[in-house]
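A look at the structure
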Amino acid sequence: MLRDRGAVGILDLDLYAPDIPAMLGIAHPKWTHSWTIARAGSAVAETPVERDGLHVVSTGFLLGEDQPMGLEASTLDLLARHLIHGVAWPALDFLVVDLPAGTSALQHSLARHLTVSGAVLVLTPQRVAHLDTQKVVRLYRHLRVPVLGAVENMAYLRCPHCGNEVELFPTVDEAQSLWSMGIERLARIPFTRTDDHSSLFGALAERVASKLG
Ligand SMILES: [Zn+2]
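If you're wondering where the values come from, they're calculated on a predicted model, not measured in any experiment.

With that out of the way, let us pick up the nonpolar core. Formed by 26 residues in total, the largest nonpolar core has its most connected members in L13 and L178. Counting residues per element, this core draws most heavily on helix α2 (residues 73-85), which supplies 5 residues. Those residues in contact with L13 that lie beyond four places of it in its chain are T59, A80, L83, V97, D98, L99, P100, L106 and L110.

This paragraph deals with the coordination of the zinc ion. Distances from the zinc ion to its protein donors, namely C159 (SG) and C162 (SG), fall within the range 2.2 Å. Relative accessible area serves as the criterion here: at 16%, C159 is assigned to the buried category.

The next thing to look at is the sheet that holds strand β1 (residues 8-12). Strand order across the open sheet formed by 4 strands is β2-β3-β1-β4, with mixed pairing between neighbours. Every interior strand has two partners, whereas the edge strands, β2 (49-51) and β4 (94-98), have only one. Within the sheet, the average angular offset between the axes of one strand and its neighbour, ignoring direction, is 25 degrees. In this structure, β2 lies alongside strand β3 (residues 54-58), joined through 3 bridges in antiparallel fashion. Along β3, the bridge assignment pairs R51 with L54.

Moving on, we come to the sheet that holds strand β6 (residues 147-152). What the 3 strands build is an open sheet, ordered β5-β6-β9; its pairing is parallel. The outermost strands of the open sheet, each flanked by one partner alone, are β5 (119-123) and β9 (185-188). Here the average twist between neighbouring strands, direction ignored, is 20 degrees. Sheet topology places β6 next to β9; 3 bridges connect them, and they run parallel. The residue of β9 that forms the bridge with E152 is R188. The sheet strands contacting helix α4 (residues 127-142) are β5 and β6, and the helix crosses β5 at an angle near 165 degrees.

About the cut-offs
Numbering of residues begins from 1 in every chain and follows the order in which that chain's sequence is written. Under the rules for a predicted model, residues below a pLDDT of 70 receive no local features and side-chain atom pairs below 80 are neither given nor counted, while totals for whole chains, interfaces and linings still include all residues. Side-chain figures throughout are based on the complete set of non-hydrogen atoms in the structure, without hydrogens or water. Grouping buried Ala, Val, Leu, Ile, Met, Phe, Trp, Tyr and Cys residues that are joined through side-chain atoms within 4.5 Å yields what is termed a nonpolar core. In this scheme, a residue with accessible area under 20% of its type's maximum is buried, one over 50% is exposed, and one in between is partly exposed, where area comes from a 1.4 Å probe on protein chains only. Secondary structure elements are defined from DSSP: runs of H or I of at least 4 residues count as helices, runs of E of at least 2 residues count as strands, and each element is numbered from the N terminus. Should any heavy atoms of two residues lie within 4.5 Å, those residues are counted as being in contact. Because water is not among the atoms used, a metal site may look incomplete, as its donors are only the N, O and S atoms within 2.8 Å, or 3.2 Å for Na, K and Ca. Strands are treated as partners if at least two bridges between them are detected by DSSP. Between N-to-C directions, angles cover 0 to 180 degrees, with each direction set by a line fitted to C-alpha atoms, over the stretch in contact for helices.

Shown next, in the form of structure tokens:
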């Protein structure tokens, strides 16, 4: 949906679970050459893989699909830097960065190596998800990254029989919710794909783009 508004790059910085290639149906990533992270500013820049008009870079391109990610925090930072600065990114209007859940070392790396225009949080309706995401908000405020808002995923199930919304999780007390921190709810995404899928995500893209100015 953002692609309708400009050139979009996707940086899959979820080093622990780089799922973006699989989600976009990129079966055999091209980056099979070896690379040396100790050599800062390598001569040959990586090229993003283009898929459906999206420019995609993922840790999954550097690691095999079945290769577990077991790296120290300092190496993670080098890897993140390589994927940000060692890539020949085309001119982009939006760079969407997928990060691991919670407050990992990658959030710090990202804020260190890029000026982040805004963070969009994604959470499920459970109380623990709200509590964990509140910590993420505090981290971003500490890192001076603007929080644009949050998307409530798996917010409800659309009943296939009557079309009513079915709540899958107990309602979180307002005082314990993310919304009590003044975070805007940007979208409510149902558990399964529904007929209004495109308009839901279209409205989300519109809201995010307008907040970015
Ligand atoms: Zn029903």
